[in-house]
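If you want the building blocks of each chain, they are given just below.
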Amino acid sequence: MRGRTDWRGKGFLKITHVVENLNRGGLERVVIDLAHAQRASGDEPRVVCLFEPGTLAHELTAQGIEVVACHKGGGFDFAALRRLRRTLAADAGEAAVHTHNLIAHDYAALALIGLSRKRLINTRHGMGGTPVARLRGALYQLSMRWTDHVVAVCEAARRNLVEREGLPAAKVVSVPNGIQVDTFTPASDDARRRLAESEGLPATTRLIGFVGRLNWAKDLPSMLRAFARLQQRRPDTALILVGDGALRAELTELAASEGIADHVRFLGDRSDVRELLQAFDVFAMSSVSEGYSIALLEACATALPIVATAVGGNAEIAVDGVNGRIVRAREPAAFADALESVLADPARAVAMGHRGRDWALEQATIARMQARYGELYERSAKGLL
């Protein structure tokens, strides 16, 4: 393969990513994009899924990147562990095993016991510091003995992992997520008008958008209550929620009880997120728990001003007064005020959005993330950290 060798002169690095599955989500998007970039640079990535391959697995297999499924069942599954061990044992020579989140890491750490030495790196895609099952937490702490590094996706998460989970500070580093920024097109009035009209709204409606899972972490009840306040002052607005989840029925009922059902659209899980983003006037994120949000990065890439809560890595992406507004979580009144302040000055909002895109083009690309992981694999193999 073009005659290139890795830092040890043995050819390209074999990288096995271990995940739960490749269903739609931020973690899964990061792994898929990272594997594509690693393949393009000459390395040999593959992905092992503890459960089913997932709905996005075809994006890898179509490009010749191997996806292996272990079909884990409920509880601790010894059969899935054996499948994973056989897969990892099949690698000859130096290899990096890169796990993503806790379950995948626990299984990989156990599967590697007694095998020839491989670099073991774990990325925690959330904030960390939240309670986990006692056995799982104990196993994860034990796995630190043969885990080379734990990667946090933002500085706030790195501090949490050290200060609240007690992970060894020398082993915890931060590598912010990256996306394919140049594949996103800045938002436009034409796109907004098309989406508004397709949803039965006046063409002049200002669209506030959200993309993500409808779960507890996103605190969408607070967003709906904030929008209800905003709607009283700005009846020309609508809220577009893209994504699905366990709380959809509850949120639909809340929108009705707040009297805003006619101005809220639940679009469900969509494959045309890039196009939908182009139609928003502002991107809203009301999370109470967040790592380094892929949705916020995509909003930046689309040159959208952002209103987000001050949790996790949100303030490392959206800087208050620069490319958006940052408010405290669980404060619908403050969230509504921030949304109104962005909508009240369209020229300033556009400038905010483009500052966010400029930042993303420089700091939030897949290439930058891949380079940082490549350096980590290399330094880990050389024992420099």
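You'll find the structure just up there.
Residues numbered from 1 in each chain as written. Predicted model: local features only at pLDDT ≥ 70, side-chain atom pairs only at ≥ 80, totals over all residues. Heavy atoms only, no water.

1. As for the overall build of the protein
The helix and strand inventory of the protein stands at 15 helices and 13 strands. The C-alpha atoms of the protein give a radius of gyration of 22 Å, which matches the 21 Å a tight globule of 385 residues would have. Summarising its shape, the C-alpha atoms of the protein cover approximately 65 × 45 × 35 Å along the three principal directions. The buried share among the 385 residues of the protein stands at 55%. Across the protein, the fraction of contacts at a sequence separation of at least 24, relative to all contacts at a separation of at least 6, is 70%. Here the protein has roughly 16,100 Å² of accessible surface; of this, 50% comes from carbon and sulfur atoms. The average position of the 49 basic charges and that of the 45 acidic charges among the side chains of the protein differ by 7 Å. (Helix = DSSP H or I, 4+ residues; strand = E, 2+ residues; numbered from the N terminus. Rg over C-alpha atoms; globule rule 2.2 N^0.38 Å. Buried < 20%, exposed > 50% of the residue type's maximum accessible area, 1.4 Å probe, protein only. Contact = heavy atoms within 4.5 Å. Areas by Shrake-Rupley, 256 points an atom, 1.4 Å probe, with all protein chains shown as cover. Lys, Arg positive; Asp, Glu negative; His and termini not counted. Charge placed at Lys NZ, Arg CZ, Asp CG, Glu CD.)

2. A word on the packing of aromatic side chains
All told, the structure shown has three aromatic pairs when counted by the stated rule. A centroid spacing of 5.1 Å and a plane angle of 20 degrees characterise the contact between Phe76 and Tyr107, whose relative ring orientation is stacked. On the criterion of sequence distance, the pair formed by Phe76 in the loop between strand E3 (67-69) and helix H3 (78-89) and Tyr107 in helix H4 (residues 102-111) is long-range, its members being 31 residues apart. Through successive ring pairs, a cluster of aromatic residues spans Phe76, Phe78 and Tyr107. Stacked on the ring of Tyr140, the Lys or Arg Arg124 has its end atom at 5.0 Å from the ring centre. Positioned above the aromatic ring of Phe184 is the side chain of Arg274, whose terminal nitrogen or guanidinium carbon lies 4.3 Å from the ring centre. (Phe/Tyr/Trp six-rings, centres within 6.5 Å; stacked < 30°, edge-to-face > 60°. Lys NZ or Arg CZ within 6 Å of the ring centre and 35° of its normal.)

3. Let's talk about the side chain of Asn160
Structurally, Asn160 is set in helix H6 (residues 155-163). Not counting residues within four places of it along the chain, the set of residues in contact with Asn160 comprises Met127, Gly128 and Glu165.

4. Brief notes about H4
In terms of residue burial, H4 counts as a mostly covered element, since nine of its 10 residues are buried. Those residues of H4 that sit buried are Leu102, Ile103, Ala104, His105, Asp106, Tyr107, Ala108, Ala109 and Ala111.

5. Side note on helix H13 (residues 332-343)
Between the first and last C-alpha of H13 there are 16 Å, a value that for 12 residues agrees with the 16 Å anticipated at 1.5 Å per step. Here H13 has its buried residues at Pro332, Phe335, Ala336, Ala338, Leu339, Val342 and Leu343. The buried residues of H13 occupy one face: seen down the axis, they fall within an arc of 160 degrees. (Expected span 1.5 Å × (residues − 1). Arc of directions from axis to C-beta.)

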